[in-house]
Amino acid sequence: MITTRFAPSPTGYLHIGGLRTSLFSWLWARKNEGQFLLRIEDTDLARNSEEAVAAILKAFDWVGMSYDGEALFQSKRFDVYAKYIEQLLQEGKAYKCYMTKDELTALREEQMAKGERTRYDGRYRDFTGTPPEGVEPVIRIKAPQEGMISFNDGVKGEINIAATEVDDFVIARAGGVPTYNFVVAIDDAQMGLTDVIRGDDHLYNTPKQLVVYEALGFKVPNFYHVAMINNEQGKKLSKRDGATDVMEYKTLGYLPEALLNFLVRLGWSHGDQEIFSVEEMIELFDPKDINKSSSNYNLDKLLWLNAHYIKNMEHDKLAELLVEYGVDIRNHEKKDLILSATKERGKTMVELADQINLILNAPTEYNAKNFKKAFKEDTPEILNTFMNLLKEAELNEVADYHKVMEAVVEQKEIGFGKIGMPLRVSLLGSMTGSGLDEIMAILGVDETIKRVEKAIEFTNA
RNA sequence: GACCCUUUCAUCUAGUGGCCAAGGAUAUUGCGUUUUCAUCGCAAAAACAAAGGUUCAAAUCCUUUAGGGGUCGCCA
């Protein structure tokens, strides 16, 4: 049985990096028919908000990742933590430290000046004297003072950190509120986690948490530290690099399947395969294939994937999703035609909606440059001929519209462009876009003629 | 500054001593298909961070150097 988790602190939206590590955790649990648990790390009094919790859940919902059971809130477990603190104190595995913040700062500056790694010096570790007046103590845990703290990371391999690098860190603040590394170890153990997959910014927390596991006699899970996602320049991803909020991708017109496919290939691979459905990801994911090095975030590939998923999506579903982007063709009798005419031209849902609107809404103006290029002296006559033929034609399928155009070309002994370009500008107001036959088939004869006549009118004006 | 991690085309990556004068994908460029744009098809260009070892043989193992990232809180 595999149990994994995602443990965000609710201080903002769900970040793209957080989504990737939780995706890995989720895939691994689902693959093994295990559990994927959610824990909200809200021990920090001031910075948390309920809105942030809601935002994170919303993002999970959008991408279709579900967690098992109830979310666990750390803020509701202070009594549990207090019990363990008391236990460690009793057993002499933790102790009260009366050092003031000023004294600590002074110590750090001194160590920094000497070029040492800053660490607590253990001055109250074996203190038995009378505590100084007016100092409310913190609780520190006794970390090993010599040897190595080692663990086998599922991604990075053997990690060895000298015990001297890990000091007797604080497990409870003055006032009794427990600290991160302490509660994480307790919760991970009590939630029965077998595999902890997280960002490698936590790598240095692991030895500290191992000290807690050791002191409390908990079973240690497997750790996997996944390297960070950087921007295209290889620097830390920040807001100015574009969207970092998962939900922003929805607004921008990305499909969740594309985003997940993109993220799963960032730092993970399965041979040469690029396209993964969620089912395939679940089947093929294995943390042993996670890369050691950090990867750079590159939007081009996401865009390509998004276009791929739009092209291959069922029309009913596409129509359903388009509603959120301001286009409702769910009950349009020519829904299929509209989508097959446009879906290869939109890399995002936003672009797709634009393409559809371009056809469905008659142009209100014509680009002067395009118009001049497309409309020559003989154009009105050509278009009139075309309209006459169109009125008489028997139009059963898309190709029939093409035949009418061909007839004009033949009759007038002109090139295709002589009719195609002005017709396109008349119908769309644009020089580019979907195939003319499809556009006309969508619009029907009446609307087509109406738009062409309007364009001809415009030439006379 | 100290400690830890990391380094294959512009980007994501395949690759665990011989199958690699390094493969795939995106992006780029060209050609073709298309009335246009896009899609699609074909092709081109593009990398083992550097230097030393070990070996018959190294992208793969070792050492050093350089670059990048992370951590050094009574934040999480």
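Residues numbered from 1 in each chain as written. Chains lettered and ligands numbered in written order. Predicted model: local features only at pLDDT ≥ 70, side-chain atom pairs only at ≥ 80, totals over all residues. Heavy atoms only, no water.

(A) Here's a closer look at the packing of helix 8 (residues 256-264) against helix 10 (residues 299-311). One can describe the packing of helix 8 onto helix 10 by two numbers: an axis separation of 8 Å at closest approach and a directional angle of 140°. The angle between the axes of helix 8 and helix 10 places the two elements in the oblique class. In this structure, helix 8 meets helix 10 at a crossing whose hand is right-handed. The segment helix 8 lies against helix 10, with Glu257, Ala258, Leu259, Asn261 and Phe262 engaging Lys301, Leu302, Leu305, Asn306 and Tyr309. Considered class by class, the residues forming the contact of helix 8 with helix 10 number six nonpolar, two polar and two charged. (Axes fitted to C-alpha atoms, helices over the stretch in contact; angles between N-to-C directions. Helix = DSSP H or I, 4+ residues; strand = E, 2+ residues; numbered from the N terminus. Parallel < 35°, antiparallel > 145°, perpendicular 65-115°, else oblique. Left-handed = near helix turned anticlockwise from the far one by under 90°. Contact = heavy atoms within 4.5 Å. Nonpolar A, V, L, I, M, F, W, Y, C, P; charged D, E, K, R; others polar.)

(B) The arrangement of helix 2 (residues 50-63) in detail. Given a rise of 1.5 Å per residue, 14 residues ought to cover 20 Å, and the 20 Å separating the end C-alpha atoms of helix 2 matches this to within 8%. Within the span of helix 2, buried status applies to Ala52, Val53, Ile56, Ala59, Phe60, Trp62 and Val63. In this structure, the buried residues of helix 2 make contact with strand 1 (3-6), helix 1 (16-31), strand 2 (35-40), strand 3 (72-73), helix 7 (246-251) and helix 8. Gly64 occupies a position one or two residues after helix 2 and carries a positive phi of about 85°. (Expected span 1.5 Å × (residues − 1). Buried < 20%, exposed > 50% of the residue type's maximum accessible area, 1.4 Å probe, protein only.)

(C) Quick peek at the domain arrangement of chain A. In terms of domain boundaries, chain A breaks down into domain 1 (3-67 + 228-303), domain 2 (74-226) and domain 3 (315-460). On a C-alpha basis, the centres of domain 1 and domain 3 stand 41 Å from each other. Summed over both partners, the interface of domain 1 with domain 3 buries about 630 Å², with 55% contributed by carbon and sulfur atoms. Area buried by domain 1 at its contact with domain 3 is led by Lys250, Gly253 and Leu303, which between them contribute 57% of it. Summed over the shared surface of domain 1 and domain 3, the result is two salt bridges. (Domains from an automatic or database assignment. Buried area = accessible area lost by both parts, 1.4 Å probe. Salt bridge = Lys/Arg side-chain N within 4 Å of Asp/Glu carboxyl O.)

(D) The protein's contact with RNA strand B, seen in detail. Not every one of the 63 residues close to RNA strand B is listed here, only the nearest: Arg173, Tyr204, Gly267, Glu344 and Arg345. Considering the 4 Å shell around the protein, atoms of RNA strand B inside it are sugar or phosphate in 71% of instances. Side-chain polar atom of Ser9 to a sugar or linking oxygen of RNA strand B: 2.9 Å apart, as the coordinates give it. A distance of 3.3 Å is found between a phosphate oxygen of RNA strand B and a backbone nitrogen or oxygen belonging to Tyr180. Breaking the surface near RNA strand B down by element, the ones donating at least two residues are helix 4 (101-113), strand 5 (138-141), strand 7 (157-162), helix 5 (180-190), strand 12 (295-296), helix 10, helix 17 (416-428) and helix 18 (436-460). Looking at the surface near RNA strand B residue by residue, the class counts come to 15 nonpolar, 21 polar and 27 charged. (Near = heavy atom within 4 Å. Polar contact = N/O pair within 3.5 Å; in protein donor to acceptor, adjacent residues only side chain to side chain.)

(E) Structural detail: helix 6 (residues 205-216). In a regular helix each residue adds 1.5 Å, so twelve residues correspond to 16 Å; helix 6 covers 17 Å between its end C-alpha atoms and thus fits that length. Counted residue by residue, helix 6 has ten buried out of twelve residues, so it is predominantly covered. Two residues or fewer past helix 6, Gly217 is found with a positive phi of approximately 70°.

(F) Seen up close, the pattern of salt bridges. As enumerated under the stated definition, the model contains 24 salt bridges in all. The shortest N-O distance in the salt bridge between Arg123 and Asp121 comes to 3.0 Å. Judged by its relative accessible area of 39%, Arg123 falls in the partly exposed class. For Asp121, a relative accessible area of 37% puts it in the partly exposed group. Arg330 serves as the salt-bridge partner of Glu320, at 3.4 Å between the closest nitrogen and oxygen. Remark: Arg330 occurs in the loop between helix 11 (315-322) and helix 12 (335-342) and Glu320 occurs in helix 11; sequence separation between them is ten residues. Assessed through its relative accessible area of 33%, Arg330 is described here as partly exposed. One connected set of salt bridges, linked through shared partners, spans Arg5, Arg39, Glu41, Arg77, Asp187 and Asp188.

(G) Layout of unusual backbone geometry. Its identity is not glycine, yet Glu33 carries a phi of approximately 50°, on the positive side. Its place among the elements puts Glu33 in the loop between helix 1 and strand 2. Positioned with a positive phi, Glu413 is a non-glycine residue whose angle comes to about 50°. Position of Glu413 relative to the elements: it lies in the loop between helix 16 (398-412) and helix 17. In this structure Glu413 comes out as exposed when scored by relative accessible area, which is 72%.

(H) Structural context of the sheet that holds strand 3. Read from one edge to the other, the open sheet built from three strands follows the order 1-2-3, with strand pairing classed as parallel. At either end of the open sheet lies a strand with only one pairing partner, and these are strand 1 and strand 3. Here strand 1 runs beside strand 2; their pairing, made up of four bridges, is parallel. Counted as the bridge partner of Phe6 is Leu38 from strand 2. (Pairing = 2+ DSSP bridges.)

(I) Focus on the sheet that holds strand 4 (residues 94-97). The three strands are arranged 4-5-8 in an open sheet whose pairing can be described as antiparallel. One side of each edge strand has no neighbouring strand; the edge strands of this open sheet are strand 4 and strand 8 (170-172). This sheet shows a mean twist of 45° between the axes of neighbouring strands, independent of strand direction. Two strands pair when backbone bridges link them, and strand 4 and strand 5 are joined in this way by four bridges, in the antiparallel orientation. Bridging from a neighbouring strand, Tyr95 pairs with Arg140 of strand 5.

(J) Local environment of the packing of helix 15 (residues 379-392) against helix 18. Here helix 15 crosses helix 18 at 150°, and the two axes come no closer than 11 Å. When the axis of helix 15 is compared with that of helix 18, the two are roughly antiparallel. Both helix 15 and helix 18 take part in a crossing whose hand is left-handed. Residues Pro380, Leu383, Asn384, Phe386, Met387, Leu390 and Lys391 of helix 15 lie in contact with helix 18, whose contacting residues are Met440, Val445, Thr448, Ile449, Val452, Glu453, Ile456 and Thr459. Tallied by class, the residues present in the contact of helix 15 with helix 18 amount to ten nonpolar, three polar and two charged.

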